[in-house]
Amino acid sequence: MAINRPFEFFVQWHLTENCNLRCRHCYQGERSADEMTLPEIQKVISEVSDMVKDWSESYGVCFSPSMNITGGEPFLRTDLFDILREIKKQGFEIFLLTNGTLVDRERAHLLADLGIKGVQGSMEGPEDGHDAIRGDASYSESAAGVGQWVGAGVKSVIGFASHAGVKRVGFSRLVPAGRGRRLLPHMLTRAQVKELYEALFSLELKGIEVVTGDPVAAQMNVEAAKDAGTTAISGCAAGVAGLTILPNGNVAPCRRLPLFLGNVRRDSLREIWAASPVLEALRERDRYRGKCGACARWARCRGCRAIAYACSRSKGEDDYLADDPQCFIETTS
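These figures come from a predicted structure and were not determined experimentally.

Turning next to the packing of helix α4 (residues 127–134) against helix α5 (residues 138–151). Following both chains from N to C, one finds α4 and α5 inclined at 105°, their axes separated by 8 Å at the closest point. On the basis of their axis angle, the class for α4 and α5 is roughly perpendicular. Listed contacts from α5 to Glu127, His130, Asp131 and Arg134 of α4 are Ser138, Tyr139 and Ser142. For the contact of α4 with α5, a count of residues per class yields 1 nonpolar, 3 polar and 3 charged.

Okay, here's the thing in C-alpha cells:
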C-alpha cells in the first residue's frame with residue numbers, strides 16, 4: 001500500500017568550512033581548503049534526486065526532499081547561486097543557513113527570486129551577548145542581513161530577533177564539539193534545560209511560531225501512553241531522515257556527529273544509506289544503551305545523538321549510542 005503522507009528526507013550540505021566569524025561554540029574543528037567543485041556538486045545533486053525518485057517508485061512512498069545549504073558561511077562560495085539553481089532545478093526545497101553578515105539587498109532578492117523555502121540566521125540573544133559569542137559588531141551585521149531577506153519576502157527561522165518581522169523563532173542545545181568543547185563545563189543540567197524549554201514554549205509571541213529540531217524538546221507535553229515501538233519514525237534525524245555532506249565530500253549522519261560513512265567523490269550515496277554499519281546501529285533500538293534504549297518514546301525521539309556522542313567522548317569513551325545526558329523526559333510506558 002502506498003504511503004500518501006510525504007516522508008521528509010533531507011541532505012544538509014556544508015559547502016565550505018571557511019567562515020568570516022569565529023564563534024566560541026562552533027562545532028567545527030580544523031578547517032580544510034579541500035572543497036568539492038561545482039561539477040562535482042552538480043553530479044551529487046543529480047544522484048540524490050535519482051535516489052529519491054527510485055525510492056518513491058520502488059516503495060510507493062511520497063517523498064518531500066529538501067537540502068539545507070550551509071558552511072562555514074555559504075556566501076563565501078562564489079558559485080553559491082549556481083549551486084542553489086541546480087538544486088532548485090532538480091526539485092528540492094532549499095533551506096539556507098547563514099550567519100547573515102554577508103547578505104545585502106541584491107543577494108536577498110536573488111534568494112527570493114529562486115524561491116528559497118527558508119533562511120535561518122543565527123542570533124545568540126541581545127547585542128552584547130551575541131557579540132561576546134560571535135565577535136564584535138557581528139550582531140548589527142547579522143541583524144542587517146535578516147532585515148534584507150525579510151524585506152525581500154524570504155521566510156526566516158532565527159534564534160533571536162522577533163523585532164525584525166520574522167515568522168519563526170528556533171533554538172537548539174550546545175553540542176560540545178570542535179571549539180565548543182571548551183564550553184563543556186558550562187552545559188546546562190537536565191533541570192535547567194527543562195526549565196528553559198518550559199519558559200520558551202510558554203512565550204506568547206503574536207504572529208511568531210516557536211520551533212526546535214531538538215528531539216527531547218519535541219517530546220514535551222506529548223503523552224507516551226504506550227511503547228512507540230522499534231521503528232524510528234521521527235525524532236533525531238541521524239540515520240533515519242537525512243545525511244550530511246561535508247565540503248570535501250565526506251558523509252556523516254549529522255554534522256555534529258563526526259562519524260564518517262564514506263565520501264561522495266568515490267562512494268555511492270545510496271549504498272552508504274543502505275549499507276553503513278553506523279546508520280544500521282542508529283536505526284536499531286536494542287543497540288542503544290541506558291535510558292534511551294529503554295525509553296518508550298525511542299521511536300519518536302532517541303535523544304540528540306550528537307550531544308550523547310560528544311559527552312561520551314569527553315569521558316574518554318566513544319559511544320554514539322549512549323544516553324542523551326540532558327534528557328529530562330520520563331521513560332515509563
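On we go from here.
Now for the packing of helix α2 (residues 80–89) against helix α3 (residues 105–114). Between α2 and α3, whose axes approach to 11 Å, the crossing angle comes to 15°. Relative to α3, the element α2 lies roughly parallel. The element α2 and its partner α3 pack so that their crossing is right-handed. Every residue of α3 that contacts α2 at Phe81, Leu84, Arg85 and Lys88 is listed here: Arg107, Leu110, Leu111 and Leu114.

Once that is clear, we can look at the pattern of salt bridges. Taken as a whole and assessed by the stated rule, the structure comprises 16 salt bridges. For the salt bridge of Arg266 with Asp267, the shortest nitrogen-to-oxygen distance reads 3.7 Å. Taken together, the salt bridges that share partners define one network made up of Asp34, Glu40 and Arg265.

Here strand β6 (residues 168–171) runs beside strand β7 (residues 209–212); their pairing, made up of 4 bridges, is parallel. Across the sheet, Gly170 pairs through a bridge with Val211, a residue of β7. A crossover connection joins β6 to the parallel β7 through helix α6 (residues 190–201); in handedness this β-α-β unit is right-handed.

Right, let's get into α3. Taken together, the buried positions of α3 are occupied by Ala108, Leu111 and Leu114. Each buried residue of α3 lies within a common arc of 125° when the element is viewed along its axis, so the set occupies one face. When the buried face of α3 is taken as reference, the exposed residues oriented beyond 90 degrees from it are Arg105, Glu106 and Asp113. At its buried positions, α3 is contacted by α2, β3 (93–98), β4 (118–121) and α5.

Following the sequence through the fold, Arg302 ends up in the loop between α10 (290–294) and α11 (305–314). Polar side-chain contacts of Arg302 include one of 2.7 Å to the backbone oxygen of Ser234. There is a polar contact of 3.1 Å between the side chain of Arg302 and the backbone oxygen of Ala299. Each residue touching Arg302, except ones within four places of it in the same chain, is listed here: Ala232, Ile233, Ser234, Gly235, Cys236, Val240, Leu282, Tyr288, Cys292 and Arg297.

Next up on the list: the packing of aromatic side chains. Evaluated as defined, the whole model comprises 10 aromatic pairs. A centroid spacing of 5.7 Å and a plane angle of 85° characterise the contact between Phe7 and Phe63, whose relative ring orientation is edge-to-face. Placement of Phe7 in strand β1 (residues 3–14) and of Phe63 in strand β2 (residues 61–70) is noted, with a sequence separation of 56 residues between them. Residue classification places Phe7 among the partly exposed positions, given a relative accessible area of 32%. Seen from their ring centres, Tyr288 and Trp298 are 5.4 Å apart, and the 85° between their planes marks the pair as edge-to-face. Linking Tyr288 in the loop between α9 (277–282) and α10 with Trp298 in the loop between α10 and α11, this pair joins segments that are 10 residues apart in sequence. The class of Tyr288 is buried, set by a relative accessible area of 6%. Taken together through their ring pairs, the aromatic side chains of Phe7, Phe9, Trp55, Phe63 and Trp273 make up a single cluster.

As a further point, take unusual backbone geometry. Following Gly71, the chain continues into Gly72 via a peptide bond in cis, with omega recorded as 25°. Residue placement: Gly72 occurs in the loop between β2 and α2. Phi is positive for Asn221, which is not a glycine, with a value near 65°. Within the secondary structure layout, Asn221 lies in the loop between α7 (215–218) and β8 (242–245). Residue Arg302 is not a glycine yet carries a positive backbone phi of 75°.

What counts as what
- Residues numbered from 1 in each chain as written.
- Predicted model: local features only at pLDDT ≥ 70, side-chain atom pairs only at ≥ 80, totals over all residues.
- Heavy atoms only, no water.
- Axes fitted to C-alpha atoms, helices over the stretch in contact; angles between N-to-C directions.
- Helix = DSSP H or I, 4+ residues; strand = E, 2+ residues; numbered from the N terminus.
- Parallel < 35°, antiparallel > 145°, perpendicular 65-115°, else oblique.
- Contact = heavy atoms within 4.5 Å.
- Nonpolar A, V, L, I, M, F, W, Y, C, P; charged D, E, K, R; others polar.
- Left-handed = near helix turned anticlockwise from the far one by under 90°.
- Salt bridge = Lys/Arg side-chain N within 4 Å of Asp/Glu carboxyl O.
- Pairing = 2+ DSSP bridges.
- Right-handed = clockwise from strand over helix to strand, strands pointing away.
- Buried < 20%, exposed > 50% of the residue type's maximum accessible area, 1.4 Å probe, protein only.
- Arc of directions from axis to C-beta.
- Polar contact = N/O pair within 3.5 Å; in protein donor to acceptor, adjacent residues only side chain to side chain.
- Phe/Tyr/Trp six-rings, centres within 6.5 Å; stacked < 30°, edge-to-face > 60°.

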